[in-house]
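Single-letter residue listing:
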Amino acid sequence: MIYADNAATTRISDRAFEMMMPFLREQYGNASSQYSLGAKAKRAMEQSRKQLAAAIGADPLEITFTSGGSEANSWVLRGVADIYRNEPMHIITSAIEHHSVLNACHALEQGGVKVSFLPVDHAGRVSVEDIEAAINSNTRLVSIMLANNEIGTVQPIEEIGRLLKGKGILFHTDAVQAVGHIPIDVKSLNVDFLTASAHKFNGAKGTGILYKQLELEFSPLVFGGQQEHGLRAGTENVAGIVAAGYAIEESVGEMAERAKRLKSMVEKTVKGIKEKIPFVRINGDYENRLPGTVNLGFDNISGESLMHLLDLKGVCVSTSSACNSGKDEPSHVLIALGLSEQQAKSAIRISYGKYNCTDEVENVVTAVYDAYTKLIANR
Ligand SMILES: Cc1ncc(COP(=O)(O)O)c(C=O)c1O
């Protein structure tokens, strides 16, 4: 099998797996317990907090563990709305955010919050000028993702951060696809909130983080005990948290070498497919993008059928984001790029990761071409 859907999720790294295992069996203490078994769990969790903070240039006190990216994103949107609950409120976001941001915005709209969903250009880039033009006296939050999950386009977050500096507007970036894959420094991005998810960087599923700038007061997500500085009560997922720490440390350590390898694999894949199917289109930005992710449009076939045929050949790719697959709607991201419904439905996403090797490219290209030819012949 060739797994080329690392934007959906990743295999846990061997080291992260090895380091988390003791916390499921021998070191199973509750991190809040006062005896040594609990203290060991607590120490391991705090070590992970340091590892994650170091990876994004944050202070460990600015990191709160969550169950993943969706939870962290929803928390930011609801939490900011809660701060301004007695005032008119306007949020700026983009049309291509993950549904955990978009649907949180829709829920807030029901309560009277105004939301601007900014368009993107044909490459999926948000314009800084559009953000500037959309700001009004009620704008309290700008939420723009760092890198898109379907097309890999990386947004000009540092420029947006510069624009917002000193304006009293909070700035959130959903960095779920970016953390562990491209260099990130929260201070130079000038963000107040950043969200990430460990299963996207070879950690375990069910662990994410919210980075929240230190001075910001925020309301708790879960009420109960004093875990996570009183912000998210409940017994912590110690093993998952430990895995996240080692996974991010490893990802950052390997980042430069891995990015180079994945970028070259994507380039070889695109070249190989284009040689056989010349009109294939790259959806998204081929320059400012995640190294391992590419979205290809075939126009005259169904991306979903292509994905299923590739599955039969042992190649895992996807048509849109994992949480939206199975729905018969075209991807909101591809539609926002200006593609027709049919073009949007003809796309597949290939996303390589840590455990892919260059040798696999040739098989991916052959499998795509064979599956494509079969679909054309059966039309
Ligand atoms: C950009 C982006 N944001 C948020 C999420 C949600 O993360 P999680 O699966 O950890 O809830 C994903 C997952 O696909 C994503 O790609």
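Computed from a predicted structure; not experimentally measured. Going along each chain's sequence as written, the residues are numbered from 1 onward. pLDDT decides what is reported in this predicted model: residues at 70 or higher carry local features, side-chain atom pairs at 80 or more are listed and counted, and totals for whole chains, interfaces and linings draw on all residues regardless.

## Considering the overall build of the protein
Argument step 1. Strands are runs of DSSP state E lasting at least 2 residues, helices are runs of H or I lasting at least 4, and numbering of each runs from the N terminus. Of the regular secondary structure elements, the protein holds 12 helices and 12 strands.
Argument step 2. Throughout, radius of gyration means the C-alpha value; the globule benchmark is 2.2 Å times the number of residues raised to the power 0.38. At 21 Å, the protein has a C-alpha radius of gyration in line with the 21 Å of a compact globule built from 379 residues.
Argument step 3. Considering only C-alpha atoms, the protein reaches an extent of 65 × 55 × 35 Å along its principal axes.
Argument step 4. Of all 379 residues assigned to the protein, the portion counted as buried reaches 51%.
Argument step 5. Two residues qualify as being in contact provided that their C-beta atoms, derived from the backbone, are within 7 Å of each other. Considering only contacts in the protein between residues 6 or more positions apart, those separated by 24 or more positions represent 74%. Exposure criterion: with C-beta atoms placed from backbone coordinates, a residue whose C-beta has 20 or more other C-beta atoms within 10 Å is buried, one with 12 or fewer is exposed, and one in between is partly exposed.

## A word on the domain arrangement of the protein
Accessible area lost upon the coming together of the parts is a frequently used measure of interface size.
Argument step 1. Note: domain ranges come from an automatic or database domain assignment. Each assigned domain of the protein is listed with its residue range as follows: domain 1 (2–8 + 255–377) and domain 2 (14–249).
Argument step 2. In this structure, domain 1 and domain 2 have C-alpha centres spaced 27 Å apart.
Argument step 3. In this complex, domain 1 contributes 24 residues to the contact, which on the side of domain 2 involves 23 residues.
Argument step 4. Mapped onto the side of domain 1 that touches domain 2, the elements with two or more residues apiece are strand S10 (293–297) and helix H10 (332–336).
Argument step 5. Under the scheme applied, nonpolar residues are Ala, Val, Leu, Ile, Met, Phe, Trp, Tyr, Cys and Pro; charged residues are Asp, Glu, Lys and Arg; polar residues are all the others, including Gly. Across the side of domain 1 that touches domain 2, the residue classes tally to 9 nonpolar, 11 polar and 4 charged.

## A word on the sheet that holds strand S5 (residues 139–143)
Argument step 1. Two strands qualify as a pair provided DSSP detects at least 2 bridges between them. The sheet built from 7 strands is open, its strands ordered S2-S8-S7-S6-S5-S3-S4 with mixed pairing. Strands at the two margins of the open sheet, each flanked by one partner only, are strand S2 (63–66) and strand S4 (114–118). Strand-to-strand twist of the sheet, defined as the mean angle between neighbouring strand axes without regard to direction, takes the value 20°.
Argument step 2. The pairing of S5 with strand S6 (residues 170–174) spans 3 bridges and is parallel. If you follow Ser 143 over to S6, its bridge partner there is His 172. Where helices are involved, their axes are fitted lines through C-alpha atoms of the stretch in contact, as for all axes, and angles between N-to-C directions lie from 0 to 180°.

## Re the nonpolar core
Argument step 1. Counting residues in hydrophobic clusters, the biggest one holds 109 residues, and the most contacted among them are Ile 56, Tyr 211, Val 238, Val 242, Ala 243 and Val 364.
Argument step 2. It is helix H8 (residues 238–276) that contributes the most residues to this core, 14 residues altogether.
Argument step 3. If we ignore the near neighbours within four places in the chain, the residues touching Ala 243 are Ile 12, Ala 16, Phe 17, Met 19, Met 20, Ala 198, Gly 203 and Ala 204. Note on definitions: a nonpolar core is a set of buried residues drawn from Ala, Val, Leu, Ile, Met, Phe, Trp, Tyr and Cys, linked by C-beta atoms within 7 Å.

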